[in-house]
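As a plain string of letters, each chain reads:
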Amino acid sequence: MVESSQSVTVVALLADPDAPTEVAQHLARDLPARLADASGRHRRFDVEVVSEPFTAGAEDLPTLTRRLMDRGRGEDWDIVVALTDLPLHSRGRELVMDLSQEHGLALLSLPSLGGLRFERRARQAVEEAVLGLADAQAAEAEGLGHRRPLEELTGPLTSVHPAPVGDEEPADVRYVVSGPRGFLRVLFGMVRANRPWRLVPGLSKALAAALATGAIATVNSTLWSLAVSLGTARLVIATVGSVALMIGWLIVDAHLWHRAAEDSPEARRRAALYNASTVVTLGIGVLVCYVGLLLINLLWALFILNGQVFASMTRSPLNATEYWTLAWFVASVATVGGALGSGLESDEAIRAAAYSKREQERRRMLEDDDD
């Protein structure tokens, strides 16, 4: 790293494309002022955002850290904070942050921050990392011979704790989360990074097929009789089955299931995280579509159904309960029809639901840059 000749500490937020870059750009808006206020030494900070796929093709921590060190050489950066939405692991535990105080580097895995209070946690983590690394550089420049251990990171990041770093690794300090709680924390963070709400517009053709199926099913007298005869338990089973069918079809049709490239505990754990986040992301998107179908079918039934005709076919009066039951059942039937329509979607429309697909895209971007 190059020491700044001015009294300004240059901080580079090196971010993977997509969500990490958006996070970095959001943080950079007020990060200089917040760092200056928190430093207590009248320092000035200049923050710049660099977006590039620095994690493409590498998932082990030493390789990533050395790649960051190589990237920083020749740049006028005092501190580099790398942000990635790739879940990283260290000896069976989920990594939160790696720091190299000697080289002014910090590597932050955004999924480890969880899905709740994400922006606040990301801001606190980046601020603590920058201030700690700046203090370490100042202490070394002044010949004090000691560095701040950055214990403050364990405060704002709930359930985060330090972990040992191997002698051969360039990192000095490491923070991880572990156990089932850590796994769930990273999983929810990955789902948030997937932004499942963006999946709904990508399923436009599937929604069109589901709406057409629902419109036809609503006027089918056989479905009237079936809906009236179904209890709540069977309706719930129909909902779960139709949603599961839609999720399964999307995964199979778009080849979203990730298989471990090697037979190691970390590779299997990573594959489990990838696949779990894909299923949860798709599940949220499909459930949103399901609720939309249910409401649209209910409005369509209120508009189109005739009480006398319904009663003559089902021997049951058409009241609020029957309207709701029919709309609920038709939504499940329409979701199955939507699953068939989802075969018309392109892989690009739903690839954001799978981490492995995004990683493949970043590798292609890196290869294009090299060419």
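So, how was this worked out
Residues numbered from 1 in each chain as written. Predicted model: local features only at pLDDT ≥ 70, side-chain atom pairs only at ≥ 80, totals over all residues. Heavy atoms only, no water. Salt bridge = Lys/Arg side-chain N within 4 Å of Asp/Glu carboxyl O. Helix = DSSP H or I, 4+ residues; strand = E, 2+ residues; numbered from the N terminus. Buried < 20%, exposed > 50% of the residue type's maximum accessible area, 1.4 Å probe, protein only. Pairing = 2+ DSSP bridges. UniProt positions renumbered as here; feature names shortened; annotations may be inferred. Core = buried A, V, L, I, M, F, W, Y, C linked by side-chain atoms within 4.5 Å. Contact = heavy atoms within 4.5 Å. Axes fitted to C-alpha atoms, helices over the stretch in contact; angles between N-to-C directions. Parallel < 35°, antiparallel > 145°, perpendicular 65-115°, else oblique. Left-handed = near helix turned anticlockwise from the far one by under 90°. Nonpolar A, V, L, I, M, F, W, Y, C, P; charged D, E, K, R; others polar.

Within an unreviewed UniProt entry, the label attached to the protein chain reads 5,10-methylene-tetrahydrofolate dehydrogenase, and the organism entered is Streptomyces lichenis.

A.B. asks: Describe in detail the pattern of salt bridges, supporting the description with residues and values.
C.D. replies: Considering all chains together, one arrives at seven salt bridges under this definition. Note that E52 is salt-bridged to R71, the shortest N-O span being 2.9 Å. Of this pair, E52 sits in the loop between β2 (44–51) and α3 (61–72) while R71 is found in helix α3, placing the two residues 19 residues apart along the sequence. Between E94 and R269 there is a salt bridge whose closest N-O contact spans 2.5 Å. One end of the pair, E94, is in strand β5 (residues 93–100); the other, R269, is in helix α10 (residues 265–304), and 175 residues separate them in sequence. Residue classification places R269 among the partly exposed residues on the basis of a relative accessible area of 25%. Shared partners join several salt bridges into a network, and the residues in it are E52, R71 and E75.

A.B. asks: Lay out the pairing of β5 in plain terms, naming residues and giving numbers.
C.D. replies: In the case of a regular strand, side chains alternate between the two sheet surfaces. Extensive coverage of β5 is indicated by the burial of seven of its eight residues. The pairing of strand β4 (residues 89–90) with β5 spans two bridges and is classified as antiparallel. Looking across to β5, one finds that S90 is bridged to R93. Between the antiparallel neighbours β4 and β5 lie two residues, among them R91 with a positive phi of about 55°. As defined by bridge partners, β5 adjoins strand β8 (residues 173–177) across five bridges and the pair is classed as antiparallel. The partner of D98 across the bridge, within β8, is R174. Note that β5 and strand β6 (residues 105–109) share four bridges and pair antiparallel. Bridging from a neighbouring strand, M97 pairs with L108 of β6. What sits between the antiparallel neighbours β5 and β6 is a turn of four residues, in which G104 has the positive phi angle 65°.

A.B. asks: Can you lay out the UniProt feature "transmembrane region" (unreviewed entry) in the protein chain for me, pointing to particular residues and giving the numbers?
C.D. replies: As recorded in UniProt, the feature "transmembrane region" (unreviewed entry) lies at residues 206–227, 233–252 and 273–303. Between the end C-alpha atoms of residues 206–227 the distance is 24 Å, and the span holds 91% helix and 0% strand.

A.B. asks: Any chance you could break down the nonpolar core for me, citing the residues and the numbers?
C.D. replies: Formed by 59 residues in total, the largest nonpolar core has its most connected members in L13, L108 and V126. With nine residues, helix α4 (residues 118–141) is the single largest residue contributor to this core. With sequence-adjacent residues up to four places away left out, L13 is seen in contact with A24, L27, A28, L31, V47, E48, V49, V50, V81 and V126. Residues L223, L298, L305 and A339 belong to the second largest nonpolar core, which totals 34 residues.

A.B. asks: Lay out the packing of helix α5 (residues 179–194) against α10 in plain terms, naming residues and giving numbers.
C.D. replies: It is at 9 Å that the axes of α5 and α10 come closest, and there the two elements cross at 50°. As judged from the angle between their axes, α5 and α10 are oblique. Two packed elements cross with a definite hand, and for α5 against α10 that hand is right-handed. Where α5 approaches α10, its residues G179, F183, V186, L187, M190, V191 and N194 are matched on the opposing element by R269, L273, Y274, A276, S277, V280, T281 and I284. The residue makeup of the contact of α5 with α10, split by class, is 10 nonpolar, four polar and one charged.

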